[in-house]
Amino acid sequence: MPPSAASPTARLRGLRPDWLSDPRVWRTEILGGLVVAIALIPEAISFSIIAGVDPAIGLFASFTMAVTIAVVGGRPAMISAATGAVALVIAPLNREHGLGHLVAAVILAGVFQIVMGALGVATLMRFVPRGVMVGFVNSLAVLIFMAQVPEMRDVPWLVYPLIAGGLALMVLLPRVTKVVPAPLVSIVALTALTIAAGIAVPTVGDKGDLPSSLPAPGLPDVPFTMETLTTVAPYALAMALVGLMESLMTAKLVDDITDTHSSKTRESIGQGIANIVTGFFGGMGGCAMIGQTMINVRVSGARTRLSTFLAGAFLMVLCIAFGPVVSDIPMAALVAVMVMVSVATFDWHSVAPATLRRMPTGEIAVMAITVAVVIATHNLAIGVVVGTITAMVVFAKRVARLTHVTAVTDPDGTEVVYSVTGELFFASSNDLVGQFSYATDPDKVVIDLSAAHIWDASSVAALDAIENKYAERAKKVRIIGLNDPSARIHEKLSGELSGSH
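Residues numbered from 1 in each chain as written. Predicted model: local features only at pLDDT ≥ 70, side-chain atom pairs only at ≥ 80, totals over all residues. Heavy atoms only, no water.

(A) Region of the structure containing a nonpolar patch on the surface. A contiguous nonpolar surface patch, about 340 Å² in accessible area, is contributed by Val 343, Trp 348, Val 351 and Leu 356. In this fold, Trp 348 is placed in the loop between α15 (331-345) and α16 (353-358). (Patch = residues over 30% accessible without salt bridge, like charges linked within 9 Å, V, L, I, M, F, W, Y side chains within 5 Å. Areas by Shrake-Rupley, 256 points an atom, 1.4 Å probe, with all protein chains shown as cover. Salt bridge = Lys/Arg side-chain N within 4 Å of Asp/Glu carboxyl O. Helix = DSSP H or I, 4+ residues; strand = E, 2+ residues; numbered from the N terminus.)

(B) Looking closely at the nonpolar core. Grouped together as the largest cluster of nonpolar side chains are 104 residues, with contacts concentrated most on Ile 41, Leu 59, Phe 136, Met 284, Ile 295 and Leu 315. Setting aside chain neighbours within four positions, we find Ile 41 in contact with Leu 59, Val 204, Leu 210, Leu 315, Leu 318, Cys 319 and Val 326. Within the second largest apolar cluster, 21 residues are counted, among which are Phe 436, Val 460, Ala 462 and Ile 466. (Core = buried A, V, L, I, M, F, W, Y, C linked by side-chain atoms within 4.5 Å. Buried < 20%, exposed > 50% of the residue type's maximum accessible area, 1.4 Å probe, protein only. Contact = heavy atoms within 4.5 Å.)

(C) Layout of the sheet that holds strand β4 (residues 415-424). Taken in spatial order, the 4 strands of this open sheet run β3-β4-β5-β6, and their pairing is mixed. Where the open sheet ends on each side, the last strands, each with one partner, are β3 (404-409) and β6 (476-480). Averaged over all neighbouring strand pairs, the angle between strand axes comes to 20 degrees, with direction disregarded. As paired strands, β4 and strand β5 (residues 444-454) are joined by 9 bridges and run parallel to one another. Among the inter-strand pairings, Ser 419 is bridged to a residue of β5, identified as Asp 448. Across the sheet, helix α21 (residues 484-493) touches β5 and β6, and the angle it forms with β5 is around 120 degrees. (Pairing = 2+ DSSP bridges. Axes fitted to C-alpha atoms, helices over the stretch in contact; angles between N-to-C directions.)

(D) Quick peek at the packing of helix α5 (residues 84-97) against helix α6 (residues 99-118). It is the contact of α5 with α6, at a shortest axis distance of 7 Å, that shows an interaxial angle of 145 degrees. Mapping the contact onto sequence places Ile 90, Leu 93, Asn 94 and His 97 in α5 and Leu 99, His 101, Leu 102 and Ala 105 in α6. Along the lines of polarity and charge, the residues of the contact of α5 with α6 split into 5 nonpolar, 3 polar and no charged. (Nonpolar A, V, L, I, M, F, W, Y, C, P; charged D, E, K, R; others polar.)

(E) Representation of the pattern of salt bridges in the model. Tallying each qualifying case throughout the model produces 4 salt bridges. The closest approach of N and O atoms between Arg 75 and Asp 255, which form a salt bridge, is 2.6 Å. Taken as a pair, Arg 75 in the loop between α4 (55-72) and β1 (80-81) and Asp 255 in helix α10 (residues 226-258) lie far apart in primary sequence, 180 residues in all. No difference in accessibility class separates Arg 75 from Asp 255, as the two residues are buried. Ionic contacts of the salt-bridge type, sharing partners, join the residues Arg 75, Asp 255 and Lys 264 into one network.

(F) Region of interest: the side chain of Ser 62. If you trace the backbone, Ser 62 turns up in helix α4. Engagement of the side chain of Ser 62 in a polar contact is seen with the backbone nitrogen of Ala 82, the distance being 3.3 Å. Residues within four places of Ser 62 in sequence aside, it is in contact with Ala 44, Ser 80, Ala 81, Ala 82 and Leu 315. (Polar contact = N/O pair within 3.5 Å; in protein donor to acceptor, adjacent residues only side chain to side chain.)

(G) The pairing of β6, seen in detail. Two strands pair when backbone bridges link them, and β5 and β6 are joined in this way by 5 bridges, in the parallel orientation. Counterpart to Val 445 in the pairing with β6 is Val 477. For the crossover that starts at β5, traverses helix α20 (residues 457-471) and ends in the parallel β6, the hand is right-handed. (Right-handed = clockwise from strand over helix to strand, strands pointing away.)

(H) Quick peek at the environment of Ala 427. Relative to the helices and strands, Ala 427 is located in helix α19 (residues 426-429). For the pair Ala 427 and Ser 459, spaced 32 residues apart in the sequence, the C-alpha separation amounts to 9.1 Å. In this structure Ala 427 touches Ala 396 and Ala 400, once residues within four positions along its chain are discounted.

Everything listed here is a matter of geometry and, on its own, says nothing about what the molecule does.
Next up, the structure:
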């Protein structure tokens, strides 16, 4: 039957998401969302403390971010919630001006993100090289592990065997069955053990009180004046940039893991919408949450928007309806989950001796610098920017060295032909002027650019300088072999850059 003759029921079935038509996907998405929701609770509370707000503010933000981005985001299965990067950015604003200004900054940051998304800022992701991406992944794994270290200091000794037991469960259980996510089994088992045996160890409840009701929408409690705008705008812009950077990098990472493509423009705009919604519900804002995304995608195997939506929905259900039970979850269980995530996230192949021997030194340096900056600043966005700039410098130096000039003089000595090979741009063209023999060359000089390409005004200026040096000696230069793009830029700028015409 041709597609046009298919029944309306068949066409409708084709439009159904996978989780509606496949019970196995349905189960994976639900259980994945539940594991993420449990892991979100202590994280959201911790980030609330960093931002200097009540734990409920961070939990509300995680709920509204996850539920909203599940609908409007561009990367299915990615988790967005309250994050440490955003908390660090807005903490000074809350400390100096209060919660009202913080909420206003979250809403304005959402507006900035929508504008940046519409302007195509997501396309900048194509300029992030592989070395930076590998460094981003590895530093992320290190940060996830480092975040668990405080939970293993100054704690009862029973915490350590609990963590070891949780890790053993997550390693061994998948070899027996993958019907239920191993992290969920580990959390349930360790919680049941500590309650049944009366083991006194730090629990989720020790992090802070859980909310007992849903958030209510409202406007931020600030005067709507230009002074308020100028106060919150710098923080909002910083939050928008950091949030988009982490979200787009995480989306690219999930693309690679799932071997699928996602709309980065839609994700950018979706992040903005989610932050606006979060702000109107009094949340602290957020962005993509890399650790929880790895739990959802890599550990639980979730692939659709359902897991993201349910992560937010389960979060509120767990807090409001099952608060006492959730409060009894030992932190050791969640530490074990996050340690497992950090190990699974790290790209071990990238640091294998065999790989490092084959990699160019510049690539290794870019990866190492990205990791070092991220760990030093605890800011993934700064690390990515520094790593990308380093990669650009390395690339420019490498390409500049590939430019060569060779000279061939006619047998009769009346003409010399210089053949230029390589890419002519600001880094390579600076050395071009010094590779010609102005005093000893014959009166006719040909510069053959058939194997070269002109990229910028610096290259045209260098060619003009060469022609002028020969002209001072009454020698004539003829440039040949320009390809069409090079000819256009040369024709447009030649003679117009020195200001002496």
